[in-house]
Amino acid sequence: IVFSNVLTRARHVIRPDKLPRPARDLVEIDRYPQKGAIMSSFGCNKRCRFGTAFQNPDMTYRARCVRSVIDELQSMYEMGIRTGNFVDDSFLLSPQRARNLCKGIVEAGLKMSFACQARVDDACRQPDVLGEMNEAGFTAIEFGVEAGNQSVLNWIGKGLGIEQALEVVEIAKR
């Protein structure tokens, strides 16, 4: 199963909830290492040199509704998939949405483990959301630090400091 960002021009805005779900039932799912990959949003509102928004200025952050994501997770669970990997550009771009997804996962009784990618600054601004993610089954977060040198971070337009990266690691340990 291949997931990728859909790059469009502003005049061809795709509503994420209108995209079809991956047809996991049509493949031998156990043959795929990323069988639990799920995209709940795409695009980014940041402007790092390497990101999709920098490469395509018309690319905007778009998210699926929480109910649609929970329904897909329930479908995955019914297929025996117990590990979900959110392949969003940054799961925490909307902390309130992340909270709502976590609440939906808990309310649905989905006993799964999850991983995601997130920006350091988004996690630092709302550190309490990490606790809610833990309660929902998130066991791994890949923070986008990209470099351990401030001048490199400045050059790529990351918009964060090394101190924030160190801070978020400490927050995530709690």
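Conventions and cut-offs
- The residue numbers shown here count from 1 along each chain, following its written sequence.
- Thresholds applied to this predicted model are a pLDDT of at least 70 for local features of residues and 80 or more for the giving and counting of side-chain atom pairs; totals over whole chains, interfaces and linings are not thresholded and use all residues.
- Side-chain measures were taken over the full set of non-hydrogen atoms in the model, leaving aside hydrogen atoms and water.
- Note on conventions: DSSP H or I runs of at least 4 residues are helices, E runs of at least 2 residues are strands, and numbering of each starts at the N terminus.
- Throughout, exposure labels follow a simple rule: accessible area from a 1.4 Å probe, protein chains only, divided by the maximum for the residue type, with under 20% read as buried, over 50% as exposed, and the rest as partly exposed.
- In what follows, residue pairs with any heavy atoms lying within 4.5 Å of each other are defined as contacts.
- Within this document, salt bridges are pairs made up of a side-chain nitrogen of Lys or Arg and a carboxyl oxygen of Asp or Glu, the two lying within 4 Å of each other.
- To get an axis, a line is fitted to the C-alpha atoms, and for a helix only the part in contact is used. The angle between two axes follows their N-to-C directions and goes from 0 to 180 degrees.
- Working definition: roughly parallel below 35 degrees, roughly antiparallel above 145 degrees, roughly perpendicular at 65 to 115 degrees, and oblique for all remaining angles.
- What makes a crossing left-handed is the near helix being turned counterclockwise from the far one by less than a right angle; a clockwise turn instead makes it right-handed.
- Put simply, Ala, Val, Leu, Ile, Met, Phe, Trp, Tyr, Cys and Pro go in the nonpolar bin, Asp, Glu, Lys and Arg in the charged bin, and everything else, Gly too, in the polar bin.
- Strand pairing is defined by DSSP finding a minimum of two bridges between the two strands.
- Under the convention used throughout, the expected extent of a helix is 1.5 Å for every residue step, that is, one less than its residue count.
- Comment: arc refers to directions from the helix axis out to C-beta atoms.

Turning our attention to the overall build of the protein chain. What the protein chain contains, in helices and strands, is seven helices and six strands. Each helix and strand of the protein chain, ordered N terminal to C terminal, gives the series β-β-α-β-α-β-α-β-α-α-β-α-α. In the protein chain, buried positions account for 41% of the 174 residues. Counting only contacts in the protein chain whose residues sit at least 6 apart along the sequence, the fraction spanning at least 24 positions is 73%.

What follows is about the pattern of salt bridges. Within this structure, the stated rule accounts for ten salt bridges. The shortest N-O distance in the salt bridge between Arg 67 and Asp 71 comes to 3.0 Å. With Arg 67 and Asp 71 both in helix α2 (residues 66-78), this residue pair falls four residues apart, about one helical turn. When its relative accessible area of 29% is taken as the criterion, Asp 71 is described as partly exposed.

The next subject is the environment of Phe 42. For Phe 42, the position within the fold is in strand β2 (residues 41-42). Residue Phe 42 is classed as buried on the basis of its relative accessible area of 4%. Counting along the chain gives 20 residues from Phe 42 to Arg 62, while the straight-line C-alpha distance between them is 5.5 Å.

Taken N-terminus to C-terminus, the directions of helix α3 (residues 95-107) and helix α5 (residues 128-136) make an angle of 25°; their axes are 9 Å apart at the nearest point. Judged by the angle between their axes, α3 and α5 are roughly parallel. The crossing of α3 and α5 is left-handed. Each of Pro 95, Ala 98, Arg 99, Cys 102, Ile 105 and Val 106 in α3 lies in contact with α5, whose residues at this interface are Asp 128, Val 129, Glu 132, Met 133, Glu 135 and Ala 136. For the contact of α3 with α5, a count of residues per class yields eight nonpolar, no polar and four charged.

Take the sheet that holds strand β1 (residues 37-38) next. A sheet is described by the order of its strands in space; here four strands give the open sequence β1-β4-β5-β6, paired in parallel fashion. Each edge of the open sheet carries a strand with a single partner, namely β1 and β6 (138-143).

Another aspect to go through is helix α7 (residues 162-173). Here α7 is twelve residues long and its end C-alpha atoms lie 17 Å apart, about the 16 Å a rise of 1.5 Å per residue gives. Those residues of α7 that sit buried are Ala 165, Val 168 and Ile 171. The buried residues of α7 occupy an angular sector of 125° when projected down its axis, which confines them to one face. Among the exposed residues of α7, those pointing more than 90 degrees away from its buried face are Glu 163, Leu 166 and Lys 173. On its buried side, α7 packs onto α4 (120-125), α5 and β6.

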